[in-house]
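Structural features, examined
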Amino acid sequence: MSAALFSMMPNPTPMPVEGPSVMGQLAAFVAIGAAGAAGFVALSSLASQVTGAESSWVNALCYTALIGPVYLAHRRFSFQSELPHSHALPRYIGVQLMAVALVTLFSFVVYGLLGMTSVVAATLVIALTSGLNFVVLRGWAFAQHAPVTLFQLRPIAHE
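Since the structure is predicted, the reported quantities are computational estimates derived from the model, not experimental observations.

So, the side chain of T129
Among the structural elements, T129 can be located in helix α5 (residues 118–141). Not counting chain neighbours up to four residues away, the residues in contact with T129 comprise A99, L102, V103 and F106.

Below, the structure is given as structure tokens:
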């Protein structure tokens, strides 16, 4: 285009940049979670075969090794967060610790109290834990304007 024609064009107003939709975030969250789970199975299986170590220790180490890559993928693709790592990473780790407690609680309820079969119970535990994980990651761990703590205390206003 010639400079004369270009100079006659009005300056367009920049469109506000919107983040991904909740469904887009959820789709990316599920895809990254599935990839992380597949990576965990492959890595822990390989490590168990190579080292011959007890699977519980190998599993713990492999899970720990994948926290960083999965965190980065969720931060970048699921939630497109620009929150500094110094804020988002400790929150993410806190959410993962919460997820371990939830898996334990949900497993106790569905296996112990409700007596569900293994496949149904495991599916329900994964769905419940992942669902709560998504909500807390989206609303707190990767949210730009979230409070520093999940339960922020506010002083009582005296009138």
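Examining the environment of A37
Residue position: A37 is located in helix α2 (residues 22–51). Look at A37 and you get partly exposed, because its relative accessible area is 43%. Spatially, the C-alpha atoms of A37 and V70 are 9.8 Å apart, while their sequence positions differ by 33 residues.

Observations regarding the layout of surface pockets
Approximately 940 Å³ is the volume found for the largest pocket. Surrounding the largest pocket, 29 residues form its lining, G33, Y63, Q96, S130 and N133 being those nearest its centre. Mapped by element, the contributors of at least two residues to the lining of the largest pocket are α2, α3 (55–78), α4 (85–113) and α5. For the lining of the largest pocket, a count of residues per class yields 20 nonpolar, 9 polar and no charged. There is about 230 Å³ of room inside the second largest pocket. As for the second largest pocket, its lining consists of Q25, F79, Q80, S81, E82, R138, F142, A143 and Q144. Its residues placed into classes, the lining of the second largest pocket shows 3 nonpolar, 4 polar and 2 charged.

Conventions we followed
- Residues numbered from 1 in each chain as written.
- Predicted model: local features only at pLDDT ≥ 70, side-chain atom pairs only at ≥ 80, totals over all residues.
- Heavy atoms only, no water.
- Helix = DSSP H or I, 4+ residues; strand = E, 2+ residues; numbered from the N terminus.
- Contact = heavy atoms within 4.5 Å.
- Buried < 20%, exposed > 50% of the residue type's maximum accessible area, 1.4 Å probe, protein only.
- 1 Å grid on protein atoms, 1.4 Å probe; cavity = no way out; pocket = protein on both sides within 12 Å on 5 of 7 lines; lining within 4 Å.
- Points joined across faces, edges and corners; volume = space filled by probe spheres on them.
- Nonpolar A, V, L, I, M, F, W, Y, C, P; charged D, E, K, R; others polar.

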